[in-house]
Amino acid sequence: MSKPPTSLPTAPHEFSPREAPSQSARRAADLPPQSSTAQAQRGTIDSLVQASLVELFQAYGIALAPMPRSLRERPPTLPDVSAMIGFATESRRSGRLTLSLPSAVIGLMKSEAPNGFRQGDWARELTNQLMGRIKNRMLQFSVRLQAGLPANLEPKLLESQLQSAPATMRAYTGRTLRGEVVVTVEGMLDDAELKYVGPNRVASEGDTILF
Amino acid sequence: MREVLVVDDSQTIRREIAKALEPAGFEVVEAGDGVSGLERAGEREFALIILDVNMPRMNGMEMLDHLKADPKTADIPVIMLTTEAEQTTIERARKAGAKGWLIKPVPMAHIVSTVQALARRAQA
């Protein structure tokens, strides 16, 4: 019986040597054409981050379509407002998640048109909530992430930081009617390190528990 | 008018909760972290406290412990409002004396009905 696809090739052209050529050719035919930005197949972490992002924006009434995850070849161009949050695993590995979104999307989410300060405040809160969703979903792999406090970042500064980011940095883009939302994740575990242990008695976003 | 203390590091969240609770007959006092939240909690007789977990200076779980350890604030019902959803953390808050756990994002109408229910329960 074949192993569940927790560890997928990192790029469309990386095929297992054990695979028959005809299978490789068939899989290659199923893949979208290569763009200038290398594209990766969607793995467990990708699914988890993208699903968390889509659900978070959906909760605030924004439809967001996730684009294929891109490997770092060049840093993405970032929208106006950015925030970041650090995280650490139990094995003391640390990482960072950033969320950048256009002011126009914030305007759609908030009934009152937020000013600069309020936009930054809301970007921090959304980053915190995105981290929370990812953290809760990682529990099904017995991974406990410790999140720090969110902070705002100048998009230009973040763009320059991303130029020197490690090659393992993941960048995700989601399209909305008012522009693109960009998420980057550095220092996250690899798919191969995840082992599904089943649902971890986690409550869901929006739940109310009265004691 | 019954007073509710909202402790959350997001001003947007605090304002939205205030905007939702005020028409329901609550006056809202705001604090942006656990330290200032604790100071505010001792200043008046609050009907209820809504408390975020992940905050600077003092997090919500620590603030909850301080509130319950002080006889002056121990009886104020506390609802945690957070992104945290792990059962062990929720259980820890229950044992520490919290009355409820709301997982963000929560519709404001839901927050209002929960606050009303718990404030009524505390009065009875």
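Residues numbered from 1 in each chain as written. Chains lettered and ligands numbered in written order. Predicted model: local features only at pLDDT ≥ 70, side-chain atom pairs only at ≥ 80, totals over all residues. Heavy atoms only, no water.

A. Quick peek at the overall build of chain B. If you tally the helices and strands in chain B, you get 5 helices and 5 strands. For chain B, whose C-alpha radius of gyration is 13 Å, the value lies close to the compact-globule estimate of 14 Å for 124 residues. Taking the principal axes of the C-alpha coordinates as reference, chain B spans close to 35 × 30 × 25 Å. Here chain B displays about 5,200 Å² of accessible surface, and carbon together with sulfur accounts for 48% of that area. In chain B, 16 side chains carry a positive charge and 19 a negative one; their mean positions are 4 Å apart. (Helix = DSSP H or I, 4+ residues; strand = E, 2+ residues; numbered from the N terminus. Rg over C-alpha atoms; globule rule 2.2 N^0.38 Å. Areas by Shrake-Rupley, 256 points an atom, 1.4 Å probe, with all protein chains shown as cover. Lys, Arg positive; Asp, Glu negative; His and termini not counted. Charge placed at Lys NZ, Arg CZ, Asp CG, Glu CD.)

B. Structural view of the pattern of salt bridges. One pass over the structure, following the stated rule, counts 22 salt bridges over all chains. For the salt bridge of Arg144 of chain A with Glu86 of chain B, the shortest nitrogen-to-oxygen distance reads 2.7 Å. One end of the pair, Arg144 of chain A, is in the loop between helix H4 (116–138) and strand S5 (146–147); the other, Glu86 of chain B, is in the loop between strand S4 (78–82) and helix H4 (87–96), on a second chain. Looking at Glu86 of chain B, the relative accessible area reads 12%, which means it is buried. The salt bridge partner of Arg94 of chain B is Glu91 of chain B, with a shortest N-O separation of 2.6 Å. Taken together, the positions of Arg94 of chain B and Glu91 of chain B, both in helix H4 and 3 residues apart, correspond to about one turn of that helix. Connected through salt bridges with shared partners, the residues Glu55, Arg133, Arg137 and Glu205 of chain A form a single ionic network. (Salt bridge = Lys/Arg side-chain N within 4 Å of Asp/Glu carboxyl O. Buried < 20%, exposed > 50% of the residue type's maximum accessible area, 1.4 Å probe, protein only.)

C. Representation of the confidence of the model for chain B. Taken residue by residue, chain B gives an average pLDDT of 94. The fraction at 70 or more is 100%. Reported confidences for the modelled complex are a pTM of 0.84 and an ipTM of 0.93. (pLDDT = per-residue confidence, 0-100.)

D. Molecular detail of the sheet that holds strand S1 (residues 2–7) of chain B. If you trace the 6 strands from one edge of the open sheet to the other, you get S9(A)-S5(B)-S4(B)-S3(B)-S1(B)-S2(B), paired in mixed fashion. What marks the edges here is a single partner per strand, and that holds for strand S9 (208–210) of chain A together with strand S2 (26–31) of chain B. Taken over all neighbouring pairs, the strand axes of this sheet differ in orientation by 15° on average, direction set aside. The pairing of strand S3 (residues 48–51) of chain B with S4 of chain B spans 3 bridges and is classified as parallel. Residue pairing in the sheet places Ile49 of chain B in a bridge with Val78 of chain B of S4 of chain B. Sheet contacts for helix H1 (residues 11–21) of chain B: S1, S2, S3 and S4 of chain B; angle to S2 of chain B, the most-contacted strand, approximately 170°. (Pairing = 2+ DSSP bridges. Axes fitted to C-alpha atoms, helices over the stretch in contact; angles between N-to-C directions. Contact = heavy atoms within 4.5 Å.)

E. Local environment of unusual backbone geometry. Residue and element names in this part refer to chain B. The amide bond that connects Lys104 to the next residue, Pro105, takes the cis arrangement and shows omega of -5°. In this structure, Pro105 sits in the loop between strand S5 (100–103) and helix H5 (108–123). Look at Arg57: it is not a glycine, yet its phi comes out positive at around 65°. Among the residues examined, Arg57 registers a relative accessible area of 64% and is labelled exposed.

F. Fine view of the nonpolar core. Core analysis: the biggest nonpolar cluster contains 55 residues, and Phe57, Leu101 and Met138 of chain A together with Ile50 of chain B have the highest contact counts within it. Considering every element that reaches this core, the biggest residue donor is H4 of chain A, with 7 residues. Not counting chain neighbours up to four residues away, the residues in contact with Leu101 of chain A comprise Phe57, Pro79, Asp80, Val81, Ile106, Met109, Ala123, Leu126, Glu180 and Val181 of chain A. With 26 residues, the next largest nonpolar core counts Met58, Ile76, Ile90 and Ala93 of chain B among its residues. (Core = buried A, V, L, I, M, F, W, Y, C linked by side-chain atoms within 4.5 Å.)

G. Focus on helix H5 (residues 155–163) of chain A. Residues and elements named next belong to chain A. Those residues of H5 not exposed but buried are Pro155, Leu158, Glu159 and Leu162. Seen from one end, H5 has its buried residues packed into an arc of 105°, which puts them on one side. When the buried face of H5 is taken as reference, the exposed residues oriented beyond 90 degrees from it are Lys156 and Gln163. The elements touched by buried residues of H5 are strand S3 (81–88), strand S4 (94–101), strand S6 (151–153) and strand S8 (179–186). (Arc of directions from axis to C-beta.)

H. Region of interest: the environment of Leu101 of chain A. Residues and elements named next belong to chain A. In this fold, Leu101 is placed in strand S4. Residue class for Leu101 comes out buried when judged on its relative accessible area of 0%. It is 15 Å that separates the C-alpha atoms of Leu101 and Leu157, two residues lying 56 residues apart in sequence.

I. Representation of H5 of chain B within the structure. All names here are of chain B. The end-to-end C-alpha distance of H5 is 23 Å, a good match for the 22 Å that 16 residues give at a rise of 1.5 Å each. When we look at burial in H5, the residues that qualify are Ile111, Val112, Thr114, Val115, Leu118 and Ala119. For H5, the angular spread of the buried residues around the axis is 165°, confining them to a single face. Structural note: H5 exposes Ala109 and Arg120 on the side pointing more than 90 degrees away from its buried face. (Expected span 1.5 Å × (residues − 1).)

J. Representation of the packing of helix H3 (residues 60–69) of chain B against H4 of chain B in the model. Residue and element names in this part refer to chain B. Between H3 and H4, whose axes approach to 10 Å, the crossing angle comes to 15°. When the interaxial angle is binned, H3 and H4 end up roughly parallel. Our pair here, H3 against H4, has a crossing hand that is left-handed. Touching Met61, Leu64, Asp65 and Lys68 of H3 are Thr89, Arg92, Ala93 and Ala96, all from H4. (Parallel < 35°, antiparallel > 145°, perpendicular 65-115°, else oblique. Left-handed = near helix turned anticlockwise from the far one by under 90°.)

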